[in-house]
Amino acid sequence: MILIAGLYACYRVPVTGRKQLNMLPESELSAMALTSYKQFLQNSKVVSGTNDARQISSVGKKIAAAAQRYLKLHNQSNRVHGYTWEFNLVQSKDINAWCMPGGKVVVYSGILPITKDEAGLAVVMSHEIAHAIARHGNERMSQALLAEAGGIALSLYLQQKPSQANVLFEQAYGLGISVGALLPFSRLQETEADKMGLVFMAMAGYDPTEAVGFWQRMQKASSGNVPAFLSTHPSDEKRIENIKEFLPTAKKYFKSIK
Ligand SMILES: [Zn+2]
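This report concerns the structure included in the present document. Within any chain, residue numbers begin from 1 and follow the written order of that chain's sequence. Two thresholds apply to this predicted model, a pLDDT of at least 70 for residue-level local features and 80 or more for giving and counting side-chain atom pairs, whereas whole-chain, interface and lining totals are computed over all residues. For side-chain calculations, the full set of non-hydrogen atoms in the structure is used, while hydrogens and water are omitted.

### As for the packing of helix α3 (residues 51-73) against helix α5 (residues 118-133)
Axes are the key here: two packed helices are described by the angle between their axes and the distance separating the axes. Note on geometry: axes are C-alpha line fits, over the in-contact stretch for helices, and angles between N-to-C directions span 0 to 180 degrees. Helical segments are the DSSP runs of H or I of at least four residues, strand segments are the runs of E of at least two, and each set is numbered from the N terminus. Following both chains from N to C, one finds α3 and α5 inclined at 45°, their axes separated by 9 Å at the closest point. One way to sum up the angle between α3 and α5 is to call them oblique. When the axes of α3 and α5 are compared, the crossing they make is right-handed. Facing Gln55, Ile56, Val59, Gly60, Lys62, Ile63, Ala64, Ala67 and Leu71 of α3, the residues of α5 in contact are Glu118, Leu121, Ala122, Met125, Ser126, Ile129 and Ile133. Residue type decides the class: Asp, Glu, Lys and Arg count as charged, Ala, Val, Leu, Ile, Met, Phe, Trp, Tyr, Cys and Pro as nonpolar, and the leftover types, Gly among them, as polar. Classifying every residue of the contact of α3 with α5 by side-chain character gives 11 nonpolar, three polar and two charged. An angle below 35 degrees is treated as roughly parallel, one above 145 as roughly antiparallel, one from 65 to 115 as roughly perpendicular, and anything else as oblique. By convention the crossing between two helices is left-handed if the near helix lies anticlockwise of the far one by an angle smaller than a right angle, and right-handed if it lies clockwise. We call two residues in contact when some of their heavy atoms are within 4.5 Å.

Shown next, in the form of structure tokens:
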């Protein structure tokens, strides 16, 4: 019992230090992610060779490198163990972006009018990369599995009910096709991804203050029908306040590389 408690205590979210419990094996989730990711790309129009596509790749690489630098400094490199980063732009009117465990990042072209420029793109990509590194999808998947199948091992559930397991996975990682089926990240997870994302973007050389403008533009975009991204990442005054509160901390990382 003590040994188990000791193992659980090893899971601490970077930047915030929150303890994580009841986590599924990240290696199994990464394997599921790779399958979903490949299928998604096959069924999507991947944009390559354009300025936008090049920008997504270059911003993504900078943020991933910054995140890895942060993790290394804090002895948490195991968080990205086995990650092979990939950054893709897909042609879609949907306003969305995500990062899967294993480092597979997808940006939908529909979000580009809201990110507006390179710094805005850095806000979204660092936020999504933060969700993956914080293992928020893992927490959501583990809760969903508990509710659905009473704490059965993921590998066993995959053998017994592969299609249900995939539905749970896609919901937990924000990949669901219909917006209604997506689970919103919790407020706690959103705040965590915001804080981590601000640190990562600052370390990558982007002014974290840009996050305020991005979330304000996102808030405006939510009048009318709710984009997929907003249904999983609710944007409101409280979020923007929280970001402003954390900015002085994030800016320390920005200055440190100037
Ligand atoms: Zn989020």
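There is more to say, and it comes next.
### What about helix α10 (residues 210-221)?
Along an α-helix, residues three or four apart share an orientation, since each turn contains 3.6 residues. Taking 1.5 Å of rise per residue, the 12 residues of α10 would be expected to cover 16 Å, and the 17 Å separating its terminal C-alpha atoms lies within 8% of that figure. Regarding α10, the residues found buried are Ala211, Val212, Phe214, Trp215 and Met218. For α10, the buried positions fall inside an angular range of 165° around the axis, keeping them on one side. A helix's residues, less one, multiplied by 1.5 Å, set its expected span. Working definition: with a 1.4 Å probe on protein chains only, accessible area under 20% of the residue-type maximum means buried, over 50% means exposed, and in between means partly exposed. As used here, the arc belongs to the directions running from the helix axis to the C-beta atoms.

### Thoughts on the pattern of salt bridges
Every case where a carboxyl oxygen of Asp or Glu lies within 4 Å of a side-chain nitrogen of Lys or Arg is listed as a salt bridge. Summed over all chains, the structure comprises seven salt bridges. In this structure, Asp194 and Arg239 form a salt bridge, with 2.9 Å as the shortest nitrogen-oxygen distance. With a gap of 45 residues between them, Asp194 in helix α9 (residues 187-203) and Arg239 in helix α12 (residues 237-256) connect regions that are remote in the sequence. You'll find Asp194 and Arg239 in the same group, each marked buried. Within this structure, Arg18, Glu139 and Glu192 form a network of salt bridges that share partners.

### Focus: the layout of surface pockets
Where empty space is left in the structure can be found by rolling a water-sized probe over the atoms. Volume-wise, the second largest pocket comes out at about 240 Å³. The wall of the second largest pocket is formed by 13 residues, among which Leu21, Asn22, Ser142, Gln143 and Leu146 lie closest to the centre. Considering only residue class, the lining of the second largest pocket consists of five nonpolar, five polar and three charged. In this analysis, the protein atoms alone were mapped onto a 1 Å grid. Cavities are point sets where a 1.4 Å probe fits without being able to get out; pockets are open sets with protein on both sides within 12 Å along at least five of seven lines; lining residues have an atom within 4 Å of a point. Grid points are joined across faces, edges and corners, and a volume is the space filled by probe spheres set on the points.

### Remarks on the environment of Thr115
The residue Thr115 is located in helix α4 (residues 112-115) in this model. Residue classification places Thr115 among the buried positions, given a relative accessible area of 2%.

### Points about the packing of aromatic side chains
Classification of ring pairs uses Phe, Tyr and Trp, with its six-membered ring standing for Trp, and accepts pairs whose centres are within 6.5 Å; under 30 degrees between planes counts as stacked, over 60 as edge-to-face, and the remaining range as tilted. Enumeration according to the criterion identifies eight aromatic pairs in this entry. The interplanar angle of 75° and the centroid separation of 5.0 Å between the aromatic rings of Phe214 and Trp215 together place this pair among those described as edge-to-face. The exposure class assigned to Phe214 is buried, which follows from its relative accessible area of 0%. Of the residues examined, Trp215 reaches a relative accessible area of 1% and is grouped as buried. Seen from the ring of Trp215, Arg239 lies directly overhead, with NZ or CZ sitting 3.7 Å from the centre. Working rule: Lys NZ or Arg CZ, within 6 Å of ring centre, within 35 degrees of ring normal, means a charge sits over the ring.

### Concerning empty space enclosed by the protein
What the rule picks out here adds up to three cavities of 30 Å³ or more. Roughly 110 Å³ of internal volume is contained in the largest cavity. If you trace the largest cavity, you find 14 residues lining it, with Trp98, Cys99, Glu128, Tyr173 and Phe185 closest to the centre. If you list the elements that add at least two residues to the lining of the largest cavity, you get β3 (97-100) and α5. Partitioning the lining of the largest cavity into residue classes produces seven nonpolar, six polar and one charged. Around the second largest cavity sit Val123, Ser126, His127, Ala193, Asp194, Gly197, Leu198, Met201, Ala211, Trp215 and Ile243, which together line it. Contributions of two or more residues to the lining of the second largest cavity are made by α5, α9 and α10. The element contributing the most residues to the lining of the second largest cavity is α9, with five residues. A breakdown of the residues in the lining of the second largest cavity according to their chemical character gives seven nonpolar, three polar and one charged.

None of the figures reported here should be taken as evidence of function without further support.
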